[in-house]
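# Analysis of the macromolecular model
If you want the building blocks of each chain, they are given just below.
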There are 4 protein chains.
Amino acid sequence: MAQFSDITSRLEEQAIELPSWAFGNSGTRFKVFGTPGTPRTPEEKIADAAQVHKYTALSPSVALHIPWDKVEDYSALRSFANGHGVELGTVNSNTFQDDDYKFGSLTHMDPTIRRKAIDHHLECIDIMDQTGSRDLKIWLADGSNYPGQADLRGRQDRLAESLRTIYERLGDEQRMVLEYKFFEPAFYHMDVPDWGTSYAQVAALGERALVCLDTGHHAPGTNIEFIVMQLLRLGKLGSFDFNSRFYADDDLIVGAADPFQLFRILFEVIRGGGYGTDSGVAFMLDQCHNVEDKIPGQMRSVLNVQEMTARALLVDTGALTVAQDAGDVLGANGILMDAFYTDVRTDLAAWRESRGLPADPMAAYAASGYQQKIAEDRVGGVQAGWGA
Amino acid sequence: MAQFSDITSRLEEQAIELPSWAFGNSGTRFKVFGTPGTPRTPEEKIADAAQVHKYTALSPSVALHIPWDKVEDYSALRSFANGHGVELGTVNSNTFQDDDYKFGSLTHMDPTIRRKAIDHHLECIDIMDQTGSRDLKIWLADGSNYPGQADLRGRQDRLAESLRTIYERLGDEQRMVLEYKFFEPAFYHMDVPDWGTSYAQVAALGERALVCLDTGHHAPGTNIEFIVMQLLRLGKLGSFDFNSRFYADDDLIVGAADPFQLFRILFEVIRGGGYGTDSGVAFMLDQCHNVEDKIPGQMRSVLNVQEMTARALLVDTGALTVAQDAGDVLGANGILMDAFYTDVRTDLAAWRESRGLPADPMAAYAASGYQQKIAEDRVGGVQAGWGA
Amino acid sequence: MAQFSDITSRLEEQAIELPSWAFGNSGTRFKVFGTPGTPRTPEEKIADAAQVHKYTALSPSVALHIPWDKVEDYSALRSFANGHGVELGTVNSNTFQDDDYKFGSLTHMDPTIRRKAIDHHLECIDIMDQTGSRDLKIWLADGSNYPGQADLRGRQDRLAESLRTIYERLGDEQRMVLEYKFFEPAFYHMDVPDWGTSYAQVAALGERALVCLDTGHHAPGTNIEFIVMQLLRLGKLGSFDFNSRFYADDDLIVGAADPFQLFRILFEVIRGGGYGTDSGVAFMLDQCHNVEDKIPGQMRSVLNVQEMTARALLVDTGALTVAQDAGDVLGANGILMDAFYTDVRTDLAAWRESRGLPADPMAAYAASGYQQKIAEDRVGGVQAGWGA
Amino acid sequence: MAQFSDITSRLEEQAIELPSWAFGNSGTRFKVFGTPGTPRTPEEKIADAAQVHKYTALSPSVALHIPWDKVEDYSALRSFANGHGVELGTVNSNTFQDDDYKFGSLTHMDPTIRRKAIDHHLECIDIMDQTGSRDLKIWLADGSNYPGQADLRGRQDRLAESLRTIYERLGDEQRMVLEYKFFEPAFYHMDVPDWGTSYAQVAALGERALVCLDTGHHAPGTNIEFIVMQLLRLGKLGSFDFNSRFYADDDLIVGAADPFQLFRILFEVIRGGGYGTDSGVAFMLDQCHNVEDKIPGQMRSVLNVQEMTARALLVDTGALTVAQDAGDVLGANGILMDAFYTDVRTDLAAWRESRGLPADPMAAYAASGYQQKIAEDRVGGVQAGWGA
C-alpha cells in the first residue's frame, strides 16, 4: 500500500464546489425547519460557504442557483466572493418552481412555455458570462405522475431540440452538464431518469455537453461506481453532485450513509482519470441539512470526500492488478479493503497543520464564534430556502 | 365465477372515508401548485368531499386533521357535515409541523416535548368526543437522519409509554390506530417503520389499539396483501390509508400505479373478513393530488376501489380452493385472473343508475358546474394545504 | 376508443418466439423439480413449442440455446421444426456454464479464455447460417462478486473488442442483440448491467448491433416502458425477452405479476413503431416454469401478450393526444385506463374461432391428451434443463 | 472513545458458529463451480471448519444441516468434532429439496406432506439430543409463485399448528429459531417473509421459540439494526445468520458489501444486551463462497465480524448519550463514526499474538499447506454441495 506521504500532492488537487442553497433552509414536503443564522441573501450564503473553505482549503468555489441567487450585479457578487476567498462556480437553472412548469419545461407540449424555459437557460448563460462560470447545470423536474398523462416520446424529442438551442448559445469555454434523476418530483416518469438518457441526449449535442451524476439519483441497488467508470470511459462525465441516501434522494451528508460506497466511487474516479486539476470532472455537493447545522454539515461533507479520496489514493494498484489477473478474489478484495480500513485521519490532520490549516476544522470552526455571530446578526429579513 | 347480481348487496356495504386534506393543496418539497377553487376552510373541504359522496354514494364520511381542521365549534362542524350528507370520521393528529418536534414527538428525549405531543393527542380525543369520531389515527414522523443521532431503543420504550397514556384516555367506543411508514420524513430510521413494530406496540396496549396500513408505506417489492392477511389473522387491522405508488410514498390515486395489486389486496380483505359493515376495518384514502383536479381525483379513487372490490367479490372462491388444493397452479391463478380481467364498469354503471346515481359520476360532476362555481367563488383567503 | 374489429389486422401481425429451454426443467439454486413428459432432446422441445403455436397461432418460431440445443445436423433440425409448423429463430450463446468462465468470458482477463468465448459465438453464427436464424443473442453472466475482484474498466474495453470481432463475422442479414441484466449471477457488478451500457456498446459497432430488453432485468421501480420508448427513438431496440417479476429476475409468466405494466410496455412499443411485421423488433419469451406446467405456461404467456397488445391497440390515441396537450391529467389517464380495463377476451375468442383456432387454446390443449401422451412416452433418458 | 485494552475481555466472549455447508460447493441457478479440496463428507466439512477456529479462536462450533450432514452415528460425529477442537451447534432442517415439498412443507395443504415435514423436524430434534445442540433452526422455502396459487391465510394457520407440534417436542434446554426471508425460492409470496410474521408465530408458542435474523433476507433499504433493536427489546432475538448482499440474498462474505451496516448492527446488538456469553443470541454465518476459496472465505468473515465488533465496542456511549440528548446531530453522528473509522487491525493482531494466535490468520492458514493437502487428498467421491 502507498504511504500517506506519497499521496499528498494528489490531495492538494482536490476541490469540491459548495452549493449556495445548502446554507439556506431545506426540508421535506412535511416541514422545513428554520434555524438562527440562516442567510437571507446570496452574499450571506457565499460568506458561509467561504467559512468551509477557510478551515478546510477544500472548497474554493460556490455554485449559484438561478433565480434563488439572482442579484443586480454579478460582477459585484463575483468580487464579493473573491474578497471572501472563493470563486463563483457552476450556475444551476431552475424550471421547477414556476406555475407555468406544472407539466414540464424544456419538454413542455406548449412551445410558449418551452421557449420560456429555454430563455431562462440563456439568461443563466448570460450570468455565467459575468460570473466567469464554466458550467451550466441542468436538472429537470420534468415528468408525469400518471400513465397516459404525457407522451413520453414527444417529450424526449422536444427535450433534444430545447437542449440544442441552449447548447448553441454556450461560449467556447463553457459547458452544459445534464443531470438525471430516478424519480421525484414526478412519480410515474421523469424525462431524464437515468444515465443512459442523459448520455444519449448530450452525445447528440457535442463535446461540451456532459453528464452530471448525482449520487442520490439512482434506483435501489444500483452500482454507481460502474456508471462512473462507464461515463469516464465514454468521455462524458462532467460533474458530480455528491450526497448520500438510505432510501430515495435523501440528500444526506456525502459518505454518511455508506462510506464504503463513496470510497469505491472515488477509486473509480481516480482509476478512470477523473480526479485532479486536469480532469475536467467537477466535484460538487448537493445536499440538504434538514436537521443538522449547515456550515458544519458542509464541512463534514468535504472532509468525508477528502478522507475517502485519501483512502482511495492509497490503494496498491500494482498489487491489485496482479491479484485480479490471477483470479485471486479474496486477495484482490483484501487489497482494496486494506486501503479503505486505513485510518487516515491523523495523517490528514498533521498534513493540514503543515499547510497552516487547523488539524480539526470542525472544532476550529466551532471555536471561532462565527455561528453565534450570524445567529445574532441575521435578525429580520427572510431566511433563504428553496422558495427564495 | 359469480354473477354481478350476486355481489350488489356486498357492494352496498362499501364506505370509503375521504381525507379533508386531499381537497387542499399539496406537492413535493420542490413545489406546491395552487389551483382555483381550492378550499380555504374546513367547511369548504367538507363541502367538496360531500360532492364525491353525492355522485358515488361511496364516501359517507370525512377524516379530519388536527390542527389543519381546527374550528371553534366541532358540533357546528358536525352539523355542517351532516347537512351536506356526510359524517365526520377519523381524527388525525399532527406532530410533524411544530418546531418543537424537530427531533421527535411521542418518542422525544425531552419529557416536556413528549408531554406536549401526548397532550395534543388528548386534545384530539376531546375533539373526537364532539365529532362522534370512533378512530384516532396516529402517524408519527418521528425518526432520525443519521446513524448515532438517536437512541433507537430508548425511543421505542418512550413511544410505548406515550401510547399507553393516550390509550388510557380513549372512550369505550373509541379506538387508536397506529400507522407505520418505511421512510420519510426521516431518512435513517423511522420509529414506526413497519407493520411488525406497529403490531408489537398496539398489541401491548389492548383491544382498541390497532394497526393502520397505508398502501404506500412499504419497501419496494413488499407483498402488501400478505400483511393484510396477517393483520386480519391477528385481529389487529384497524384501517387502511389507500393510495398508490411507483417509487416511494408517492400518494397517487389508489389503483393508478398497479390496479392488480389493489385487486389482490381487496381479495385478501374479503378473504379475511375485513370487508363490510361489520368488519371494523376502516377504508380511507390518503392521497395528494399534486397535478390533477382534487374532487375528480378523489372520485376516481373511490371508483377505483369500488371497481376492484367488485372484481374481488366475483372470484369463484369454491373453484379456487379446489384448484389450490390440487396444486393446479395455472388453474388457480386463472380463476383469480378471470375475475380481475372482468370488466365490471358497465354493470356498475347500470347498478348505480338503479340506485338513483349517475351512471358516470365523473361526467356528472364535470357537467354540474360545481368546479367552475368554486373557482369563481373562492377568491381571497388562504388556500388550504399542509401548512394551514 | 377503437373497436375490436379495427385492430384484428394488427393482431394478425403478432409473433412471439418461444425459448426451447422453457420446455425443459428449471428452478432456483435450491431445487429444480422434474416433471413427467419433460423433453429430453432439442426435437422434443421443438415439438412441445409447436403445440403452443398450433393452438394459438402466436408463436411461429423457436429460439435455440447453444450448447443446450446442439445437434449434429441443423438442417435436419430445421426440417423437423418446419414439419411441426414452426421455424428456428434466435440463437442464444452460453458462456456461463463452463468452468473456464468462472471469472468472465468476453471480458475475461485471460486472452485465451476470451478467445474461447469469442469462438463459441462464431460457432453460434455458423449454426445460424444453417438454421436460417437472423439474430444472435448475447447475454453475458460476466461480472464479479466483490469490490476489487475485477477491473471494471478493463473488462468494458475487452468487451468492446470481443463484440467487435463477433460483429464482423455476422452476415449481412444477421444481427447481434446484446442483453443487459441488473444482477445475477454476479452480485457486485455485472459487465452489462443496464440499457445504457448495452446501448453504448452496440452503438459503437454498427447498424446490425442492437439491444435486447428483458423485462425482468431492471432495478426495482424502473420505468421499463420509458426504456422501450428511448431505445425505439434511438433506433436500437432489437428484441424483447418477456417475463415478469415481483422481486428479482423471477422469470415468471409474462403479465402475471403486473399486467398493467405489460400493457404500458406494449403501448409504447406500438407508439414507437416497434410492433408488427415491419418493425424489426423481435418478441420473445424468456421464462422459467418452476412449479407450473410448461406447455400451458407458455400458452398462457403468449395469450397474455396478445390480450395486452389488443388492449394497447384499442387506445384512442387521437383523444389521448388532445387530453395530453390540454394538460388534462385525469382525462388522459382515463383514456389509457379505458383500454386497459376493456375485457377483450370474448372478442379474441370469437376472432380465434373465425380463424380456425380454438376459442380457448388452453382448454383445447388440455383436452388434446398431448400432455398425458408425452408423460407416458418420454420415459428414460435425461430430462432437459439448464445443464443439458 | 474507549481504548482497545478496555474491550479485550468483551472480545474474548465472541463466538461465531460456522455452517457446515459453507465448505461445500454452492452457486447460482446458472452454475455451481467445483474446486479442488472440497469436502465429500460431514467429517471433512467439520475438519475444514476447525481450521477457521484454529487460526482465529472465533468459531468454536459448527452448524449441521439435515439431511446434508446425516451420519449413522452422531455421537461419533460429535467426538470427531471435539477431537478437532470444535462443538456441534445448531441443527438446520431442510424441507426444500424433496419433490413432496414442491407446494410447501409445514404449510402444505395436504396433511400427509405436512406430517412428513413435521416428522423431519422431530428427527432433527432427535439428532440434537445426540449432538448436544441447543437450537433447531427452521428456514422455510414455503411460498407460491403466482397470485391465487395458494391460500395465504390457510397456510399461515397450518404453519402455526405445525410449529406447535414441533415446539412441544423440544427439550427444556432446547430452542426453536424461526428464520424469515423476503423472497426466494418463492417469488410471489413467502410464508415467513418478514420479522413481524416470524415474531407473531414464535410469540404464540412460548419462551423457547425465537426469531432468526439473516442479514440478507430483507427488502432493499430496510434498516436492519432497527429490527435487531426491536427483537432484543421484545426478548425474541434468537440468532443471526450473517452474510452480506448488494441486491438480493447474495450470501456474500459478511461485511463485504457494507461494512458500516455491519458495524451499526453490532452496535445495536451490544446496546440491546445481545452480545456475549450470557446473551442467548447466537452468532452464525450463512454464506456461499461461489467464486472465492471457502476456508479463507469463512476466515475473512469471522474476522470481519470481530473487527466490527471491536469498533462497536469502542463507541463512547456516555458521550453519545449526551450528544443525543442535546439534539447535537453532527456531534452524535461523529462519535459513532469515530469508532467506525478507527483502524483496529493492528491492535487485534497484537492481541491475537498475545493469546498464542497468529497475527494474520489468513496468511498463517495460507502458509500452512492445508489447502494444498486437501486438494491433493480429496480425490474421488462426490463433493459436498446443496444437493448432497
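These figures come from a predicted structure and were not determined experimentally.

### Brief notes about the pattern of salt bridges
Residues and elements named next belong to chain B. Scanning the entire structure with this criterion turns up 121 salt bridges over all chains. For the salt bridge of Glu13 with Arg10, the shortest nitrogen-to-oxygen distance reads 3.0 Å. When its relative accessible area of 24% is taken as the criterion, Glu13 is described as partly exposed. The partly exposed category is assigned to Arg10, whose relative accessible area is 29%. Lys70 is the partner of Glu123 in a salt bridge, and the nearest nitrogen-oxygen pair spans 3.0 Å.

### Points about the relation of the copies chain D and chain A
Of the transformation superimposing chain D on chain A, the axial component is 0.0 Å and the angular component is 180°, with the fit at an RMSD of 0.0 Å. Such a turn and shift between the copies fits a two-fold axis. No C-alpha of chain D approaches the rotation axis more nearly than that of Asp343 of chain D, which lies at 2.7 Å. A share of 100% of the interface residues of chain D reappears at the interface of chain A, consistent with the copies meeting face to face through the same patch.

### Digging into the interface of chain C and chain A
Taken together, the contacts link 53 residues of chain C with 53 residues of chain A. Here chain C meets chain A over a buried area of about 4,100 Å², counting both sides, of which 61% is carbon and sulfur. If you sort the residues of chain C by the area they bury against chain A, Arg153, Phe226 and Arg233 of chain C come out on top, with a joint share of 16%. Summed over the shared surface of chain C and chain A, the result is 4 salt bridges. The closest approach of N and O atoms between Arg271 of chain C and Asp151 of chain A, which form a salt bridge, is 2.8 Å. At the boundary of chain C with chain A, the tally comes to 20 residue pairs in polar contact (both at pLDDT 80 or more). Listed by contribution, the elements that provide at least two residues to the side of chain C that touches chain A are helix H5 (152-169), strand S7 (189-190), helix H6 (195-203), helix H7 (224-233), helix H8 (259-271), helix H10 (317-325) and helix H11 (329-341) of chain C. The element that contributes the greatest number of residues to the side of chain C that touches chain A is H7 of chain C, accounting for 7 residues. Considering only residue class, the side of chain C that touches chain A consists of 26 nonpolar, 16 polar and 11 charged.

### Remarks on helix H2 (residues 42-56) of chain C
All names here are of chain C. Between its first and last C-alpha, H2 extends 21 Å over 15 residues, near the 21 Å set by a 1.5 Å rise per residue. Most of H2 sits out of view: 13 of its 15 residues are buried. Residue Ala57 follows H2 closely and has a positive phi angle near 55°.

### Examining the interface of chain D and chain A
Contacts between chain D and chain A engage 30 residues on the former and 30 residues on the latter. Summing the contributions of chain D and of chain A, the shared interface buries around 2,200 Å²; its carbon and sulfur component is 61%. Taken together, the connections running from chain D to chain A amount to 2 salt bridges. A salt bridge links Arg345 of chain A to Asp338 of chain D, with the nearest nitrogen and oxygen atoms 2.6 Å apart. In this assembly, chain D and chain A are joined by 2 residue pairs in polar contact (both at pLDDT 80 or more). Looking at the side of chain D that touches chain A, the elements that each hand over two or more residues are helix H8 (259-271), helix H9 (294-314) and helix H11 (329-341) of chain D. A total of 6 residues in the side of chain D that touches chain A trace back to one element, the largest contributor, which is H11 of chain D. Considering only residue class, the side of chain D that touches chain A consists of 16 nonpolar, 5 polar and 9 charged.

Thresholds, definitions, all that
- Residues numbered from 1 in each chain as written.
- Chains lettered and ligands numbered in written order.
- Predicted model: local features only at pLDDT ≥ 70, side-chain atom pairs only at ≥ 80, totals over all residues.
- Heavy atoms only, no water.
- Salt bridge = Lys/Arg side-chain N within 4 Å of Asp/Glu carboxyl O.
- Buried < 20%, exposed > 50% of the residue type's maximum accessible area, 1.4 Å probe, protein only.
- Least-squares fit on C-alpha atoms with pLDDT ≥ 70 in both.
- Contact = heavy atoms within 4.5 Å.
- Buried area = accessible area lost by both parts, 1.4 Å probe.
- Polar contact = N/O pair within 3.5 Å; in protein donor to acceptor, adjacent residues only side chain to side chain.
- Helix = DSSP H or I, 4+ residues; strand = E, 2+ residues; numbered from the N terminus.
- Nonpolar A, V, L, I, M, F, W, Y, C, P; charged D, E, K, R; others polar.
- Expected span 1.5 Å × (residues − 1).

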